[in-house]
Amino acid sequence: MEEVTEAVNNMSISEGAAGAGAEGHKKNRIQVSNTKKPLFFYVNLAKRYMQLHDEVELSALGMAIATVVTVAEILKNNGLAVEKKIMTSTVDVKDDNRTRPIQKAKIEIILGKTDKFDELMAAAAEEREAAAAEEQS
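Quantities reported herein were computed from a predicted structural model and do not represent experimental measurements.

Conventions we followed
- Residues numbered from 1 in each chain as written.
- Predicted model: local features only at pLDDT ≥ 70, side-chain atom pairs only at ≥ 80, totals over all residues.
- Heavy atoms only, no water.
- Core = buried A, V, L, I, M, F, W, Y, C linked by side-chain atoms within 4.5 Å.
- Buried < 20%, exposed > 50% of the residue type's maximum accessible area, 1.4 Å probe, protein only.
- Helix = DSSP H or I, 4+ residues; strand = E, 2+ residues; numbered from the N terminus.
- Contact = heavy atoms within 4.5 Å.
- Polar contact = N/O pair within 3.5 Å; in protein donor to acceptor, adjacent residues only side chain to side chain.
- Axes fitted to C-alpha atoms, helices over the stretch in contact; angles between N-to-C directions.
- Parallel < 35°, antiparallel > 145°, perpendicular 65-115°, else oblique.
- Left-handed = near helix turned anticlockwise from the far one by under 90°.
- Nonpolar A, V, L, I, M, F, W, Y, C, P; charged D, E, K, R; others polar.

Digging into the nonpolar core
Here is step 1 of the chain: Counting 26 residues, the largest nonpolar core has Ile 30, Val 56, Leu 58, Ala 60, Val 68, Leu 75 and Leu 111 as its most contacted members.
Here is step 2 of the chain: Elements that contribute at least two residues to this core include exactly helix H2 (39-53), strand S4 (55-61), helix H3 (65-77), strand S6 (102-113) and helix H4 (117-136).
Here is step 3 of the chain: The dominant element in this core, judged by the number of residues it contributes, is H2, at 7 residues.
Here is step 4 of the chain: Once residues lying within four places of it in the same chain are set aside, the contact partners of Val 68 are Val 32, Leu 58, Ser 59, Ala 60, Ile 107 and Ile 109.

This is the structure:
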């Protein structure tokens, strides 16, 4: 878990790093997969995006929807985010094995910073520094 947090903290976010959908590049969009990365990778990435952009858009298709909802709930329950908008739809996804496209559910959740976001993030950073100092002594 700590390795994931460290990797996210050390990551630099470049133009278009959030991925591109049909709507084009969005700097604050995270497209979530339930197979590629662990849950807390997305939680920590969303925190980082909110630090940079004041809001984050979490997006997922099909089975990854549960992961997006869990990420959003973790952020809300920790007092870091508030729900701004939730959109659901279906999209046609082409499958090489079929002649017709299949429809998949899609969710997009837009979260904004809470008033206490910066304060909570600073407190968490202090805790990490104190734990690291204690480990070294």
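There is more to say, and it comes next.
Considerations on the environment of Ala 60
Here is step 1 of the chain: By the element assignment, Ala 60 lies in strand S4.
Here is step 2 of the chain: Each C-alpha atom, one on Ala 60 and one on Ser 33, is 6.8 Å from the other, the two residues being 27 residues apart in sequence.
Here is step 3 of the chain: In this structure Ala 60 touches Val 32, Ile 65, Val 68, Ala 105, Lys 106 and Ile 107, once residues within four positions along its chain are discounted.

Things to note about the environment of Gln 103
Here is step 1 of the chain: Here Gln 103 lies in strand S6.
Here is step 2 of the chain: In this structure Gln 103 comes out as exposed when scored by relative accessible area, which is 60%.
Here is step 3 of the chain: Apart from the residues lying within four places of it in its own chain, the contact partners of Gln 103 are Thr 90, Val 91 and Asp 92.
Here is step 4 of the chain: Of the polar contacts made by the side chain of Gln 103, one reaches the side chain of Asp 92; its length is 3.5 Å.

A word on the packing of H2 against H3
Here is step 1 of the chain: Interaxial distance between H2 and H3 falls to 10 Å at its minimum, and their mutual angle equals 55°. Comparing their axes, H3 and H2 come out oblique. Two packed elements cross with a definite hand, and for H2 against H3 that hand is right-handed. Contact residues: H2 offers Leu 39, Phe 40, Tyr 42, Val 43, Ala 46, Lys 47 and Met 50, while H3 offers Thr 67, Thr 70, Val 71, Ile 74 and Leu 75.
Here is step 2 of the chain: Among the residues forming the contact of H2 with H3, the class breakdown is 9 nonpolar, 2 polar and 1 charged.

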